[in-house]
Amino acid sequence: MLHESPAEVLALPIAPTIKSHYILPSDDTEFKRLNLQNQFLTREVCDGKLVYAPAELEHGDQILESGTATGIWLLSLAKVTPPTISFTGFDIHTRLFPQEYPSNVSFLQRSVINLPDEWTEQFKIVNQRLLIGGLTEKEWKKTIQEIHRVLVPGGWVQCIEPCIPSNTDVGPNTERMFDIMRTLMTRNGLVYNIAELLGRKLSKSGFVNVQTHTVPLSAHQRTTEFSHRTLMEWFFAALKPGMLAAQLLQSEEEFDTLMQSMLKEWDECPEVAWSWSVVYAQKRAAKDSSATYKFCIHM
Ligand SMILES: C[S@@+](CC[C@H](N)C(=O)[O-])C[C@H]1O[C@@H](n2cnc3c(N)ncnc32)[C@H](O)[C@@H]1O
């Protein structure tokens, strides 16, 4: 589906009760980008694991994904686990939800800062990936509280976010593009260094066993398959409508020229462009949980 202006791309309808600062589009190109990105992040950042946190699944467990978009993470995990596990994905936008999915998977429109009361202590794992483009400082605090509430005692939260550097060391055009991105995020109240802050925020909210696994990646290498370079290039292309709508660049031509100059710098410079962090943590287990005999499912 083609949209006529940057403002239209971002002005997709969401329920009137849901407020959003989200800066990326929700269209067909984004659908493709997110699905390829899922494969890349699972392979390169999470060592091939969909669940990086050391969670042990049992029959009857429920798994939740916040900001699920295309549902690709949930659907991939549902494929490799028994149908006795149930999955719920929610998002403020329903546009990217899959059309077909198994009966143990459901999708609904919801914001992570206001989850249903009946979800209290229901989920064994909560996965949340790339909400960097949607949550303000205050909303991150509420998000962590809500995720803590809906986890069963002993359950795990897993968040995956990029660490966007304050300085790139790659070149002036890359630095300018990053600067525009950081300005767009700051203007929307978003937290571009959330990956660095998340571990502390989780500990402060009562989580235990907080761990951060960080993988630095460069944008240098061109390969035929979906690489980190492709991921970053497509990410900036997805930000184009937001940057133009905020008038941080004056025209599409100005964006396209800057993008080409930035890509040239990436060809020349093998420096790390940014890294990715998997931040995971556990809700304190109930006191007598070790006495229960468990049938664990290997993922
Ligand atoms: C960059 S996409 C990532 C999608 C998915 N997690 C993935 O990794 O493929 C971020 C998603 O978060 C959603 N989102 C933004 N703010 C949200 C909120 N407050 N509650 C729930 N979802 C939100 C957006 O609509 C978008 O679909």
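Treat the numbers as computed from the prediction; the structure is a model and nothing was measured.

## Here we look at the overall build of the protein chain
Along the backbone of the protein chain there are eight helices and seven strands. Relative to the 2.2 N^0.38 estimate, which gives 19 Å for 299 residues, the radius of gyration of the protein chain is 19 Å and therefore close to what a compact globule would have. Burial status across the protein chain gives 53% buried among its 299 residues. Expressed as a percentage of contacts within the protein chain between residues at least 6 apart in sequence, the contacts between residues at least 24 apart total 76%. Distance from the positive charge centre (28 side chains) to the negative charge centre (35 side chains) of the protein chain: 6 Å.

## Description of the UniProt feature "domain: Methyltransferase" (unreviewed entry) in the protein chain
Summarizing the sequence annotation, UniProt attributes the feature "domain: Methyltransferase" (unreviewed entry) to residues 63–155 in the numbering used throughout. The distance from the first to the last C-alpha atom of residues 63–155 is 10 Å, and the span holds 24% helix and 29% strand.

## Comments concerning the site of the ligand
Inspection of the region around the ligand gives 17 residues, with Gly67, Asp91, Ser111, Val112 and Arg129 positioned closest. One nitrogen or oxygen atom from the side chain of Ser111 is found 3.1 Å from a nitrogen atom belonging to the ligand. Interatomic distance of 3.0 Å between a backbone N/O atom of Val112 and a nitrogen atom of the ligand. Relative to its unbound accessible area of 600 Å², the ligand is 97% covered by the protein chains. Here the ligand occupies the largest cavity. Partitioning the shell around the ligand into residue classes produces 10 nonpolar, four polar and three charged.

## Concerning empty space enclosed by the protein
Counted according to the given criterion, the structure contains three cavities of 30 Å³ or more. Size it by volume and the largest cavity reaches roughly 570 Å³. As for the largest cavity, its lining consists of 41 residues, of which Tyr22, Gly67, Asp91, Leu130 and Leu131 are closest to the centre. Where the lining of the largest cavity is concerned, the elements lending two or more residues are α2 (28–45), β1 (62–66), α3 (72–79), β2 (86–91), α5 (172–187) and α7 (228–245).

## Considerations on the confidence of the model for the protein chain
For the protein chain, per-residue confidence averages 90 on the pLDDT scale, and residues scoring 70 or more make up 91% of the total. Low confidence marks residues 1–13, where pLDDT is under 50. Its contacts with residues over four positions away, or in another chain, come to 21 contacts.

## Focus: the packing of α7 against helix α8 (residues 252–268)
Between two packed helices, both the angle of their axes relative to each other and the distance between the axes serve to describe the pair. At a minimum axis distance of 11 Å, the contact between α7 and α8 shows a crossing angle of 160 degrees. Put simply, α7 runs roughly antiparallel to α8. Note on packing geometry: the crossing formed by α7 with α8 is right-handed. Residues Arg229, Met232, Glu233, Phe236, Ala237, Lys240, Met243 and Leu244 of α7 form the contact with α8, whose participating residues are Glu252, Phe255, Asp256, Met259, Met262, Leu263, Trp266 and Asp267. Per-class residue counts for the contact of α7 with α8 are 10 nonpolar, no polar and six charged.

## Brief notes about the pairing of strand β7 (residues 272–282)
Most of β7 is tucked away, with 10 of its 11 residues classed as buried. Judged from the eight bridges that link them, strand β5 (residues 151–163) and β7 form a sheet pairing that is antiparallel. Looking at the pairing, Trp156 lines up with Gln282 of β7. In the sheet, strand β6 (residues 208–218) pairs with β7 via nine bridges, with the strands oriented antiparallel.

## Comments concerning the environment of Gln128
Locating Gln128 in the fold gives a position in strand β4 (residues 123–129). Since its relative accessible area comes to 0%, Gln128 is described here as buried. Along the primary structure Gln128 and Ser66 are separated by 62 residues, whereas in three dimensions their C-alpha atoms are 5.0 Å apart. Discounting residues that sit within four places of it in the chain, Gln128 has contacts with Ser66, Val112, Leu135, Trp140, Thr143, Ile147, Gln158, Cys159 and Ile160.

## Observations regarding the packing of α2 against α7
Interhelical geometry of α2 versus α7 gives an angle of 150 degrees and a closest axis separation of 11 Å. By the angle class used here, α2 and α7 are roughly antiparallel. For the crossing formed where α2 meets α7, the hand is left-handed. Side by side, α2 and α7 meet where Glu30, Lys32, Arg33, Leu36, Gln37, Phe40 and Leu41 of the first sit next to His228, Leu231, Trp234, Phe235 and Ala238 of the second. A per-class count over the contact of α2 with α7 returns seven nonpolar, two polar and three charged.

## Observations regarding the side chain of Thr143
The residue Thr143 is located in helix α4 (residues 137–150) in this model. The buried category is assigned to Thr143, whose relative accessible area is 1%. When residues no more than four places from it in sequence are discounted, the contact partners of Thr143 are Val112, Ile113, Gln128 and Leu135.

## Notes on the nonpolar core
Judged by nonpolar contacts, the single largest core of 88 residues is most densely connected at Met181, Phe236 and Met243. If you tally residues by element for this core, the top one is α7, at eight residues. If we skip the residues at most four places from it in the chain, Met243 touches Met177, Ile180, Met181, Leu184, Phe236, Leu248, Leu249 and Phe255.

Parameters at a glance
- Residues numbered from 1 in each chain as written.
- Predicted model: local features only at pLDDT ≥ 70, side-chain atom pairs only at ≥ 80, totals over all residues.
- Heavy atoms only, no water.
- Helix = DSSP H or I, 4+ residues; strand = E, 2+ residues; numbered from the N terminus.
- Rg over C-alpha atoms; globule rule 2.2 N^0.38 Å.
- Buried < 20%, exposed > 50% of the residue type's maximum accessible area, 1.4 Å probe, protein only.
- Contact = heavy atoms within 4.5 Å.
- Lys, Arg positive; Asp, Glu negative; His and termini not counted.
- Charge placed at Lys NZ, Arg CZ, Asp CG, Glu CD.
- UniProt positions renumbered as here; feature names shortened; annotations may be inferred.
- Near = heavy atom within 4 Å.
- Polar contact = N/O pair within 3.5 Å; in protein donor to acceptor, adjacent residues only side chain to side chain.
- Areas by Shrake-Rupley, 256 points an atom, 1.4 Å probe, with all protein chains shown as cover.
- 1 Å grid on protein atoms, 1.4 Å probe; cavity = no way out; pocket = protein on both sides within 12 Å on 5 of 7 lines; lining within 4 Å.
- Sits in = over half its atoms within 2 Å of the grid points.
- Nonpolar A, V, L, I, M, F, W, Y, C, P; charged D, E, K, R; others polar.
- Points joined across faces, edges and corners; volume = space filled by probe spheres on them.
- pLDDT = per-residue confidence, 0-100.
- Axes fitted to C-alpha atoms, helices over the stretch in contact; angles between N-to-C directions.
- Parallel < 35°, antiparallel > 145°, perpendicular 65-115°, else oblique.
- Left-handed = near helix turned anticlockwise from the far one by under 90°.
- Pairing = 2+ DSSP bridges.
- Core = buried A, V, L, I, M, F, W, Y, C linked by side-chain atoms within 4.5 Å.

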